[in-house]
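Examining the three-dimensional arrangement
Below, each chain spelled out in residue letters.
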Amino acid sequence: MKQRVLLLIMILTGATALSAAPLVPFTFGAAFPNYENSYMLVGTGVYFPMGNNLELSLTGAFGIRTEDDGNEVKANFFYPLSGGVNFLFPVNTNLTFVTGTGFAAQMQFADDFTFHMGPYVKGGVRYRVHKNMQLSLELQQDLMFGPPQWINTTTQINGGIVCNF
């Protein structure tokens, strides 16, 4: 039940943000929490330009992985949410390098529920293929705090498009 409510909140928040945001990323990638498992990620968010090659970044994703124990296939879910600032470094009119930092929260529904929070850094590149669309590739490293290990890391790699509305 918690998973469905959280997914519904994320979808409604994303739909509300789509109507107000000038830049919307749509991503597909993978996350590796503590390098123990891998999750397939599908994500979206909003980027609000703040001038001087800065943007406010609010993103979220839905991650899933499955395990087959011989009797049944079990699904595990992962929800990373991030908020921070992106620094843009345009090389020319089509190519832009991106770095960013901020704060992230992660919820994992595997055998039990875990919640972690902490800072992140990311780097990436965007290539403009149309006046309203850029291809994007980003790598994000999270340093998360929370039980049971208390110090956790997660690496995310995402590719996708960033649309201008």
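Residues numbered from 1 in each chain as written. Predicted model: local features only at pLDDT ≥ 70, side-chain atom pairs only at ≥ 80, totals over all residues. Heavy atoms only, no water.

**Structural notes on the overall build of the chain**
Within the chain one finds 1 helix and 8 strands. Listing each helix as α and each strand as β along the chain from the N terminus yields α-β-β-β-β-β-β-β-β. Put simply, the chain has 165 residues, and 39% of those count as buried. Summarising the internal contacts of the chain: among those between residues at least 6 apart in sequence, 50% fall at separations of at least 24. Accessible area of the chain: about 9100 Å², with a carbon and sulfur share of 67%. (Helix = DSSP H or I, 4+ residues; strand = E, 2+ residues; numbered from the N terminus. Buried < 20%, exposed > 50% of the residue type's maximum accessible area, 1.4 Å probe, protein only. Contact = heavy atoms within 4.5 Å. Areas by Shrake-Rupley, 256 points an atom, 1.4 Å probe, with all protein chains shown as cover.)

**Here's the deal with the pattern of salt bridges**
In this structure the tally under the stated criterion is 3 salt bridges. Between arginine 126 and glutamate 55 there is a salt bridge, with the nearest N and O atoms lying 2.6 Å from each other. Within this pair, whereas arginine 126 is found in strand E6 (residues 113-130), its partner glutamate 55 is found in strand E3 (residues 54-68), the two being separated by 71 residues in sequence. Take arginine 126: its relative accessible area is 2%, and that puts it in the buried class. Note on glutamate 55: relative accessible area 2%, which makes it buried. (Salt bridge = Lys/Arg side-chain N within 4 Å of Asp/Glu carboxyl O.)

**A short note on the sheet that holds strand E7 (residues 133-146)**
An order of E1-E2-E3-E4-E5-E6-E7-E8 is seen for the 8 strands of this closed barrel, with the pairing classed as antiparallel. Shown here is a sheet whose adjacent strand axes are inclined to one another by a mean of 25°, direction ignored. Sheet topology note: the strand E1 (residues 23-33)/strand E2 (residues 39-51) ladder contains 7 bridges and is antiparallel. Bridging from a neighbouring strand, glycine 29 pairs with leucine 41 of E2. (Pairing = 2+ DSSP bridges. Axes fitted to C-alpha atoms, helices over the stretch in contact; angles between N-to-C directions.)

**Re the pairing of E2**
The turn joining E1 and E2, which pair antiparallel and follow one another in sequence, is formed by 5 residues; a positive phi near 55° is taken by asparagine 34. Where E2 meets E3, 11 bridges bridge the pair, whose relative direction is antiparallel. Note that in E3 the partner of methionine 40 across the bridge is isoleucine 64. Taken together, E2 and the strand that follows it, E3, pair antiparallel across an intervening segment of 2 residues, in which asparagine 52 is found at a positive phi of about 55°.

**What about the nonpolar core?**
Grouped together as the largest cluster of nonpolar side chains are 5 residues: Ala31, Tyr39, Leu41, Ala61 and Phe78. When sequence neighbours within four positions are dropped, the list of residues in contact with leucine 41 reads Thr27, Phe28, Gly29, Ala30, Ala31, Ala61, Phe62, Gly63, Phe78, Pro80, Gln156 and Asn158. (Core = buried A, V, L, I, M, F, W, Y, C linked by side-chain atoms within 4.5 Å.)

**Regarding the packing of aromatic side chains**
In total, this model carries 5 aromatic pairs according to the counting rule given. Here the aromatic rings of phenylalanine 62 and tyrosine 79 are separated by 5.7 Å at their centres, their planes lie at 50°, and the arrangement is tilted. Note that phenylalanine 62 is positioned in strand E3 and tyrosine 79 in strand E4 (residues 73-90), a separation of 17 residues in sequence. Residue tyrosine 79 is classed as buried on the basis of its relative accessible area, which comes to 2%. Arranged with centres 5.0 Å apart and planes meeting at 50°, the rings of phenylalanine 109 and phenylalanine 113 form a pair that is tilted. One aromatic cluster in this structure is built from Phe62, Phe77, Tyr79, Phe109 and Phe113. (Phe/Tyr/Trp six-rings, centres within 6.5 Å; stacked < 30°, edge-to-face > 60°.)

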